[in-house]
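# Observations on chain architecture
This is what each chain is made of:
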Amino acid sequence: MNANRTALLASLLATLGAGAACGGTDGSELFGPDAGAGTDASGSSSSSSGSSSSSGGSSSSSGGSSGVSSSSGASSSGGSSGSSSGSSGSSGSSGSFDAGADAPPDCGKAPTLHPADGGAGPYCPFRDSGVVGIQTCALGTTCCHADNISPESCAESPSACGVPDSGVTFECDTPLECAGADRCCFSGTVQSDPTCGTLFGSKVHGTYCAAACNAGQLEICAQQSDCTSGTCTPFSTKGHVLGYCKP
């Protein structure tokens, strides 16, 4: 009887020893399944253990994604940052060009001479809308330019225009429009635009016919033959284009 008990006890101890060797020192199987789940790369075991610990799975997933982010993502972020920096540099250089430092100025159309034969009166392009297709006044009359807003008109003489002191009267565009007079004279000065190089009138009172121009005043021309000296050179003033005999 004692021999049977001893053999049974030895058998139980042998069984317990084998279990400890396979499942752990406390006889549990905790390490077995966990190790299996950890080594399963297909992700199916993560779905089996995800339900038992969703926040843990989520944390593991987050940690995984965070790991990817920090290893490759840091590099990606650095690349993105470098790309952004490059883009910003490109934008900076483009911006300085767009600022107009090297852009050509908008100078509009350069004035040109309009040769006249004296068969018509002074050019008067800004008359009221009731006057269609007629851009000159009659020969021997004057174009009246009261201001830069009101329409122009034609009158018998500069004094008949009745323009204010700031207004301008154009009695002639060429000496050929001055009956009995030798010169068409310009009351004002001609200046050069510092950016565009084109010429424009300044402190202008207008043009008038005379046997000789007053001291310091310029002779008006429409073609080179109108000048007794100098070169017939175009300039603009008050929307009109005239020529003057440039010394």
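Heads up: these notes are all about the structure in this document. (Residues numbered from 1 in each chain as written. Predicted model: local features only at pLDDT ≥ 70, side-chain atom pairs only at ≥ 80, totals over all residues. Heavy atoms only, no water.)

## Here we look at the state of the cysteines
Rules: The term disulfide is used for any two cysteine sulfur atoms that are within 2.5 Å. Counting from the N terminus, the helices are the DSSP runs of H or I reaching at least four residues and the strands are the DSSP runs of E reaching at least two.
Scanning the entire structure with this criterion turns up 9 disulfides. Bridging cysteine 137 to cysteine 154, the disulfide has an S-S length of 2.0 Å. In this structure the cystine formed by cysteine 137 and cysteine 154 twists about its S-S bond by roughly -85°; its chirality is therefore left-handed. Taken as a pair, cysteine 137 in the loop between helix H4 (54-98) and strand E1 (142-145) and cysteine 154 in strand E2 (residues 153-155) lie far apart in primary sequence, 17 residues in all.

## Points about unusual backbone geometry
Test applied: Type-normalised accessible area, obtained with a 1.4 Å probe on protein chains alone, sets the label of each residue: buried when under 20%, exposed when over 50%, and partly exposed for intermediate values.
In this structure, lysine 203 is a non-glycine residue whose phi angle is positive, near 50°. Along the polypeptide, lysine 203 turns up in strand E5 (residues 199-210). On the accessibility criterion, lysine 203 (73% relative accessible area) is exposed. For lysine 238, which is not glycine, the phi dihedral falls at a positive 55°. For lysine 238, the position within the fold is in the loop between strand E7 (231-237) and strand E8 (240-246).

## Points about the layout of surface pockets
Under the convention used in this document: The pocket and cavity definitions rest on a 1 Å grid over protein atoms only: a 1.4 Å probe that fits but cannot leave marks a cavity, an open set with protein on both sides within 12 Å along at least five of seven lines marks a pocket, and residues lining either have an atom within 4 Å of a point. Grid points are joined across faces, edges and corners, and a volume is the space filled by probe spheres set on the points. Residues are grouped as follows: nonpolar covers Ala, Val, Leu, Ile, Met, Phe, Trp, Tyr, Cys and Pro; charged covers Asp, Glu, Lys and Arg; every other residue, Gly included, is treated as polar.
Taken as a whole, the largest pocket encloses approximately 330 Å³ of empty space. Residue lining of the largest pocket: 19 residues in total, with His114, Ala116, Tyr123, Asp173 and Val241 positioned closest to the centre. Looking at side-chain class alone, the lining of the largest pocket contains 9 nonpolar, 7 polar and 3 charged residues.

## Some remarks on the packing of aromatic side chains
Just so we agree on the cut-off: Pairing of aromatic side chains here covers Phe, Tyr and the six-membered ring of Trp, requires ring centres within 6.5 Å, and sorts the geometry by plane angle: under 30 degrees stacked, over 60 edge-to-face, intermediate tilted.
Inspection of every chain in the model, using the stated rule, returns 2 aromatic pairs. Measuring from centroid to centroid gives 5.1 Å for phenylalanine 186 and phenylalanine 235, while their planes differ by 65°, and the two rings are edge-to-face. One end of the pair, phenylalanine 186, is in strand E4 (residues 183-192); the other, phenylalanine 235, is in strand E7, with 49 residues separating them in the sequence. For phenylalanine 235, a relative accessible area of 0% translates into the label buried. An angle of 80° between the planes, with centres 5.7 Å apart, marks the rings of phenylalanine 235 and tyrosine 244 as edge-to-face. Accessibility classification places phenylalanine 235 together with tyrosine 244 in one group, the buried group. A connected cluster of aromatic rings, assembled from ring pairs, spans Phe186, Phe235 and Tyr244.

## Re the pattern of salt bridges
What counts here: We define a salt bridge as a side-chain nitrogen of Lys or Arg found within 4 Å of a carboxyl oxygen belonging to Asp or Glu.
Counted by the stated rule, this structure contains 1 salt bridge. Close ionic contact of glutamate 219 with arginine 183 constitutes a salt bridge, the shortest N to O distance being 3.3 Å. Pair noted here: glutamate 219 is in strand E6 (residues 218-221) and arginine 183 is in strand E4, with a separation of 36 residues, a long-range link.

## Side note on the pairing of E8
The test is simple: Pairing between strands is defined by DSSP: at least two bridges between the two strands are required.
Of all 7 residues in E8, 5 are buried; the element is thus mostly enclosed. Here 2 bridges tie E6 to E8, and the two strands are oriented antiparallel to one another. The residue of E8 that forms the bridge with isoleucine 220 is tyrosine 244. Pairing of E7 with E8 involves 7 bridges; the strand directions are antiparallel. What sits directly across from cysteine 232, in E8, is cysteine 245. Linking E7 to E8, which pair antiparallel, is a turn of 2 residues; within it lysine 238 sits at a positive phi near 55°.

## Brief notes about the environment of alanine 116
As a reminder of what qualifies: Here, residues are in contact when the closest pair of their heavy atoms is within 4.5 Å.
In this fold, alanine 116 is placed in the loop between H4 and E1. A C-alpha to C-alpha distance of 6.0 Å links alanine 116 and alanine 222, two positions 106 residues apart in sequence. Excluding anything up to four places from it in sequence, alanine 116 contacts Thr174, Leu176, Ala222 and Gln223.

## Focus: the pairing of E5
For strand E3 (residues 168-170) and E5, the ladder comprises 2 bridges, and the chain directions are parallel. By the bridge assignment for E5, phenylalanine 170 is matched with threonine 207. Both E4 and E5 contribute to a ladder of 9 bridges, which runs antiparallel. If you follow serine 192 over to E5, its bridge partner there is leucine 199.

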